[in-house]
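Spelled out from the first residue to the last, the chains are:
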Amino acid sequence: MSDLEASIREEIEDLHRFFVAWFSGQVERSALEDRFAAAIDPHCLYITPDCDRMDQPTLVEMMRGAHGSNPDFRIAIGDVSILRDLGDTVLAAYTEWQTGAKRSATSNGRFTTVLMTKAKPHCWLHIHETWLPEAEQRAASYEF
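Residues numbered from 1 in each chain as written. Predicted model: local features only at pLDDT ≥ 70, side-chain atom pairs only at ≥ 80, totals over all residues. Heavy atoms only, no water.

## Things to note about the layout of surface pockets
Taking a probe equal in size to a water molecule and rolling it over the atoms shows the remaining empty space.
Part 1: Of the volumes computed, that of the largest pocket is approximately 670 Å³.
Part 2: Around the largest pocket, the lining is made up of 32 residues, and of these Tyr46, Met62, Gln98, Arg103 and Arg110 lie nearest the centre.
Part 3: Those elements that place two or more of their residues in the lining of the largest pocket are helix H1 (3-24), strand S1 (40-47), helix H3 (56-65), strand S4 (89-99) and strand S6 (124-131).
Part 4: Of the residues in the lining of the largest pocket, the class split is 19 nonpolar, 6 polar and 7 charged. (1 Å grid on protein atoms, 1.4 Å probe; cavity = no way out; pocket = protein on both sides within 12 Å on 5 of 7 lines; lining within 4 Å. Points joined across faces, edges and corners; volume = space filled by probe spheres on them. Helix = DSSP H or I, 4+ residues; strand = E, 2+ residues; numbered from the N terminus. Nonpolar A, V, L, I, M, F, W, Y, C, P; charged D, E, K, R; others polar.)

## Digging into the pattern of salt bridges
Part 1: Applying the stated criterion across every chain, the model contains 9 salt bridges.
Part 2: In this structure, Glu129 and Arg110 form a salt bridge, with 2.8 Å as the shortest nitrogen-oxygen distance. Here the residue Glu129 occupies a position in strand S6, and Arg110 occupies one in strand S5 (residues 108-117), the gap between them amounting to 19 residues. Per residue, the accessibility class of Glu129 equals that of Arg110, and both read buried. (Salt bridge = Lys/Arg side-chain N within 4 Å of Asp/Glu carboxyl O. Buried < 20%, exposed > 50% of the residue type's maximum accessible area, 1.4 Å probe, protein only.)

The following block contains the structure:
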């Protein structure tokens, strides 16, 4: 694994660890600005698996209201790969498995592509999630 691949993987995994800590209330509210809002480009478009679209301000406000709302929420990240090296940015992909979710099926899986800067701290420029096939989601182990 290259240094770039390791760095992108760590960024993806670290941000999702933040989500778990945020939803469970294990981090201070100030962490939203420091860790999350700072990592998401002001012009970022986030497309949910249901094809809802959120810009960065909407996403930050949604997260702000969700602090401590779900102590049972867990995420596992897998299959991180760089699809394209585009100079200053990379297009990466990963699978995300959730359990204890409230806004979607309690246990679910999604495939995500993300465009982010290569320079640290990484900046998330575009995020697009799609549901994994239902059969794959039903067959998955949510023991994490």
